[in-house]
Amino acid sequence: MPHPLTRAALTTLGAVGAVGTASAVWGIGIERYLFTLREHQLQLLPAGARPLRILHLSDAHMAPWQRTKQRWIAGLAALEPDLIVNTGDNLGHPLGLDGIRAAFGPFRGIPGLYVHGSNDHVAPSPRNPFKYFLGPSKIKSEPELLDTGLLDRYLADELGWHDLNNSVAALDVDGVRLHAFGVNDAHRGWDRLDSLHEPLERMRQDDDAAVTIGVTHAPYRRVLDAFVDLGADAIFAGHTHGGQVRLPGVGALVANCDIPLDQARGLSTWSHAGRVAPLNVSAGLGHSIYAPVRFACRPEATLISVLPGR
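Below or above, wherever it landed, is the structure these notes cover. Just so it is clear, the model here is predicted, and its values are computed rather than measured. (Residues numbered from 1 in each chain as written. Predicted model: local features only at pLDDT ≥ 70, side-chain atom pairs only at ≥ 80, totals over all residues. Heavy atoms only, no water.)

### Observations regarding the overall build of the chain
Filter applied, for reference: Strands are runs of DSSP state E lasting at least 2 residues, helices are runs of H or I lasting at least 4, and numbering of each runs from the N terminus. Residue burial is assigned from relative accessible area. The probe radius is 1.4 Å, only protein chains are included, and a residue is buried under 20% of its type maximum, exposed over 50%, and partly exposed in between. Any two residues whose heavy atoms approach within 4.5 Å at even a single point are treated as in contact. To be clear on the numbers: accessible area is Shrake-Rupley with a 1.4 Å probe, and residue cover counts the displayed protein chains and nothing else.
Across its full length, the chain holds six helices and 14 strands. Within the chain, buried positions represent 51% of all 310 residues. Across the chain, contacts joining residues at least 24 apart in sequence account for 74% of those joining residues at least 6 apart. Within the structure as shown, the chain displays about 13800 Å² of accessible surface, and the carbon and sulfur contribution to it stands at 56%.

### Some words on the sheet that holds strand E3 (residues 83–86)
Just so we agree on the cut-off: Strands qualify as paired when DSSP identifies two bridges or more between them.
An order of E1-E14-E2-E3-E4-E5 is seen for the six strands of this open sheet, with the pairing classed as mixed. Two strands close off the open sheet at either side, each with one partner strand: strand E1 (36–45) and strand E5 (162–163). Both strand E4 (residues 112–114) and E5 contribute to a ladder of two bridges, which runs parallel. Paired with leucine 113 across the strands is histidine 162, a residue of E5.

### Here we look at helix H5 (residues 197–206)
Under the convention used in this document: The arc in question is the one traced by the directions running from the helix axis out to the C-beta atoms.
For H5, the full list of buried residues reads Pro199, Leu200 and Met203. Looking straight down H5, one finds its buried side chains confined to an arc of 100°; they lie on one side. Looking at H5, the residues exposed on the side facing more than 90 degrees away from the buried face are Glu198 and Gln205. Against the buried residues of H5 lie strand E6 (167–173) and strand E7 (176–182).

### Structural notes on the environment of aspartate 225
The following threshold applies: A 3.5 Å cut-off defines polar contacts: any pair of N or O atoms within that distance qualifies, except that in protein one atom must be a possible hydrogen donor and the other a possible acceptor, and neighbouring residues in sequence count only when both atoms are side-chain atoms.
Within the secondary structure, aspartate 225 is located in helix H6 (residues 221–229). Once residues within four sequence positions are removed from consideration, aspartate 225 is found in contact with Trp270, Ser271 and His272. A distance of 2.8 Å separates polar atoms of two side chains, one belonging to aspartate 225 and the other to tryptophan 270.

### A short note on the sheet that holds strand E13 (residues 275–281)
Note the following rule: Helix axes use the C-alpha atoms of the stretch in contact, all axes being lines fitted to C-alpha atoms, and the angles between their N-to-C directions lie in the range 0 to 180 degrees.
Ordered by their spatial adjacency, six strands build an open sheet running E6-E7-E8-E9-E13-E12, and the pairing between neighbours is mixed. Of all strands in the sheet, those bounded by a partner on one side alone are E6 and strand E12 (266–272). Adjacent strand axes in the sheet meet at a mean angle of 25°, parallel and antiparallel pairs treated alike. Strand direction decides the pairing type here: E12 and E13, joined by seven bridges, are antiparallel.

### Remarks on the pattern of salt bridges
Applicable threshold: Salt bridge, as used here, is a side-chain nitrogen of Lys or Arg placed within 4 Å of a carboxyl oxygen of Asp or Glu.
Taken as a whole and assessed by the stated rule, the structure comprises nine salt bridges. A salt bridge links arginine 38 to glutamate 300, with the shortest nitrogen-to-oxygen separation between them at 2.3 Å. Here the residue arginine 38 occupies a position in strand E1, and glutamate 300 occupies one in strand E14 (residues 300–308), the gap between them amounting to 262 residues. For arginine 38, a relative accessible area of 28% puts it in the partly exposed group. The partner of arginine 222 in a salt bridge is aspartate 191, with the nearest N and O atoms 2.8 Å apart. Within this pair, whereas arginine 222 is found in helix H6, its partner aspartate 191 is found in the loop between E7 and H5, the two being separated by 31 residues in sequence. A relative accessible area of 39% means that arginine 222 is categorised as partly exposed. A cluster of three or more residues bridged by salt bridges with shared partners is formed by Arg50, Asp82 and Asp174.

Okay, here's the thing in structure tokens:
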């Protein structure tokens, strides 16, 4: 007969194993398909302006076979957003653009802004998913390059969205004048913040904007600080996956960048040098095909209603 302590230890190990198995089944087999829409309101517009609906999409990491995700994203067109903000990492496979076309096709004709994440340039590679919890991810020395130019031609030429990779844009959205600026993926050091100052000044000399939007893939502190200094009224970011695996009551364990963990998902504010701006960090719509799990962190899009009353 087993010693009582041995029986207790075996019972505990069995319980831990059962919980671990159930968590894995939930995270891999169920939650990563439970797409959800988060909704927020921001008072950013001048009095009397018409409210705007901004749909924030991020981190689709699309593979061509992910048809459930494609259909869910395409269905968001029924929300009739006035503006799309896409914070990158659209591709998750060399043929990922096929899925992006299926997902984004219904948004044709809706004004949009976008920046790149590194996965819009290089394909994912097999790796130990537990390394994600040991520090920021790194690209292998000889990555498989993706056709970023083809992605840009689709987003910019076919959908008509503005490329904000280290660039600026001015646009009218249903009668509201917007200024926007953004950077390429700061996680890879591709951001060129200094390149934004002069074009922003020229744009502001030409006209006044009701709202100025800053767009980045990775919400590094240096980027968020600079965006506030540059006059962003709202900042949009992705990259973090909200932690991808969160603990109930604890939240994100990692953010894959230097943003505080309690701001790795959702709407918060970012302050710098006496200025403050709303910051929305999307937990994103997908995951690497080599780390197919979400736990306590559903894949998401965000609909932000921008109202008068700033």
